[in-house]
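Results of the structural survey
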Amino acid sequence: MKNDKKKLKLLSISQVSEIFGVHQDTLRNWEKEGTLVPLRVGKRQDRKYRPEDIEAITHKMGSQLTLPQLEKFLWKSADILRSQIDSADYKKYIFGLLFYKRISDVWDEEYKKVMEEYNDKALAVVDYNHRFQVPKDCRWPIIQEQAENIGKKLNEIFDKLTNANSPKLDKIFDDLDFANKDKFPNDVLQKLINHFSQYNFGSNYISSDLLGDAYEYLIKQFAADAGKKGGEFYTPREVERVIINILKPHEKDHICDPFAGSCGFLLEAYNYLKDKAGENVARTLYFYGQEINLGTFAIAKINMFLHGLDAADIRRGDTLSNPQFLDDFGALKKFDITVTNFPYSMKVWPHEIFNTNKYGRLEGYEMPPTSNADYACVLHIIKSMNQNGRAGVVVPHGVLFRSGSEGRIREQIIKNDIIDAIISLPSKLFYGTGIPAAIFIFNKNKPENKKGKILFIEAEKDYLEGKNQNTLRVQDIDKIVKAYDNYKNIEKFARVVDIKEIEENEFNLNIRRYVDNAEAEEIIDIKKVLVELKDLEEEREKIDKKVKNYIKELKY
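So, a few notes on the structure that sits alongside this text. (Residues numbered from 1 in each chain as written. Predicted model: local features only at pLDDT ≥ 70, side-chain atom pairs only at ≥ 80, totals over all residues. Heavy atoms only, no water.)

Strands sit in the order β1-β3-β2 across an open sheet of three strands; the sheet is antiparallel. The open sheet has two edge strands with one neighbour each: β1 (11-12) and β2 (39-41). Across three bridges, β2 lies against strand β3 (residues 46-49) in antiparallel orientation. Residue Arg40 lies in a different strand from β3, and its bridge partner there is Arg47. (Pairing = 2+ DSSP bridges. Helix = DSSP H or I, 4+ residues; strand = E, 2+ residues; numbered from the N terminus.)

This next bit is on the sheet that holds strand β7 (residues 335-340). The strand order across the open sheet formed by nine strands is β6-β5-β4-β7-β8-β10-β9-β11-β12, and the pairing between neighbours is mixed. In the strand order of this sheet, the two ends are held by β6 (313-316) and β12 (494-498), each with one partner. Direction aside, the axes of adjacent strands within the sheet are offset by 15 degrees on average. Two strands pair when backbone bridges link them, and strand β4 (residues 254-257) and β7 are joined in this way by two bridges, in the parallel orientation. Within β7, the position partnered with Cys256 by the bridge is Thr338. (Axes fitted to C-alpha atoms, helices over the stretch in contact; angles between N-to-C directions.)

Counted residue by residue, strand β11 (residues 453-458) has five buried out of six residues, so it is predominantly covered. In the sheet, strand β9 (residues 419-424) pairs with β11 via four bridges, with the strands oriented parallel. Bridge pairing in β11 places Ile423 opposite Ile457. In this sheet, β12 lies alongside β11 in antiparallel orientation, the contact comprising five bridges. Following the sheet pairing, Leu455 is matched in β12 by Val496. (Buried < 20%, exposed > 50% of the residue type's maximum accessible area, 1.4 Å probe, protein only.)

Okay, a negative patch on the surface next. Together, Asp525, Glu532, Asp535, Glu538, Glu539 and Glu541 line one region of the surface with negative charge. For Glu532, the position within the fold is in helix α22 (residues 526-553). Taking relative accessible area as the criterion, Glu532 reaches 41% and is therefore assigned partly exposed. (Patch = residues over 30% accessible without salt bridge, like charges linked within 9 Å, V, L, I, M, F, W, Y side chains within 5 Å. Areas by Shrake-Rupley, 256 points an atom, 1.4 Å probe, with all protein chains shown as cover. Salt bridge = Lys/Arg side-chain N within 4 Å of Asp/Glu carboxyl O. Lys, Arg positive; Asp, Glu negative; His and termini not counted. Charge placed at Lys NZ, Arg CZ, Asp CG, Glu CD.)

Here we take up the nonpolar core. Leu97, Phe99, Phe196 and Phe201 are the most contacted members of the largest nonpolar core, which has 68 residues in total. Top element by residues in this core is helix α6 (residues 87-118). It accounts for 10 residues. Excluding residues that lie within four positions of it along the chain, Phe99 makes contacts with Phe132, Leu169, Ile172, Phe173, Ile302, Phe305 and Leu306. Membership of the second largest hydrophobic core comes to 49 residues, among which are Ile244, Leu309, Leu425 and Ala494. (Core = buried A, V, L, I, M, F, W, Y, C linked by side-chain atoms within 4.5 Å. Contact = heavy atoms within 4.5 Å.)

Time to look at the pattern of salt bridges. Scanning all chains against the criterion turns up 32 salt bridges. A salt bridge links Glu240 to Arg237, with the nearest nitrogen and oxygen atoms 2.8 Å apart. Of this pair, Glu240 and Arg237 both sit in helix α12 (residues 237-247), three residues apart, which is roughly one turn of the helix. With respect to class, Glu240 is no different from Arg237; both count as buried. When the shortest N-O distance is used, the salt bridge between Arg473 and Asp476 registers 2.8 Å. Here the salt bridges do not stand alone but share partners, grouping Glu31, Arg40 and Arg47 into one network.

Structure representation (structure tokens):
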């Protein structure tokens, strides 16, 4: 069995060429110069590349893979499981294995570094020399050499990793069960382990930025694959970019996403400040996230870890019934920035608990309808903003105009003058739904020039059309952000509206009531059209006469 496993690890020259995007002649040249010494197998002496050859190629290419190469490699791991389990489920197994391989390879690097410097095995294994603890019987070579019952062994390893790193890795692996042999036959798991074994995922080979970007690519691909369920854990990065570029995080801001999904909003905030002020400043941001779904929670935690943001405080639980971020007095913690794309129009939600108003979310507001949680989510976000707090929230359009208790809540929010802007987005941006959404921008401390006003931006027509999914382009994002920053009227696109006008419209925030982006109707000159019709009629009669004469001549 072990011999069979070793054969599975060997790659042909064509496979290596495809994985790295390197021409086969280049591989042969590296062999001539002594960089590679692949095995020669069979009568034809075919080249076969081992893990150490793959490592040598990685070094030759500058110790780092390109993002497209890494994305392609990781997506191939999904192909191994694709026929075994539902696409909505296999993402968590791929993410779990990827993270396990990363922390094991990083541990090996850290161990090697201490040994090279001090040559002290006892010192090389102590906790403070390692970002994550990986017990001896949990390291990647252990599972790599496992021939039988691979799934059971993986489960044991994940349990030990969790215990060794508690509370840091609590619940990360809880939703994984590789021991089901119907879903994970031994040979399939062996292929998966061998696939991941082709690369060293240590930080000397793959940076946090590169691996994080590849992980984000995987999340997006899995969201597309999962269809409607994809929207539960993934918000298009372009939508998040619009909001973050409007809110403009500052150094040391505390940023929270109470319905975190895969933590894309938090990462977008980090990337924004990193681009503007550098990595050191971006790392001063404080990140908080809460997610109810166990599998999605694990994706979110791993996402932050792979981006090197270990300090991010990501917790699991139902935000509406059991918010995790509280101050010393048991009240909701307040944040500088709150961003989210909450689950739309939840019909089943903990309204009885919410109605107790334990956290003061109903102070000054009516109770949202028991059949729809949209405004419960909005009120939670408003309550989570500090006195200078800003928020960006993706909402379904119904939030803008529905009546009843929702209408009365909306009226009070408008009267409290905390809505800075409302942005209408194109349809088909989100996975699993074609309906357009909108963005609320809230501000608890509006500048004087914005008080008593709301900026409406109608951005439904600016996008790149796709077969299944539309996309916001860079120019579309820039157009929205520039319109917000300027806070001025733009014909058929943006308009600053006085709250008094909104009151006259019974506090209806339907964007098209305030921004008319319809194409101007063509003015038709009726007299001119009648003359043209008369001329055409005369022309038709002449042609008919000619045709009749031709028929007569032909004696038909």
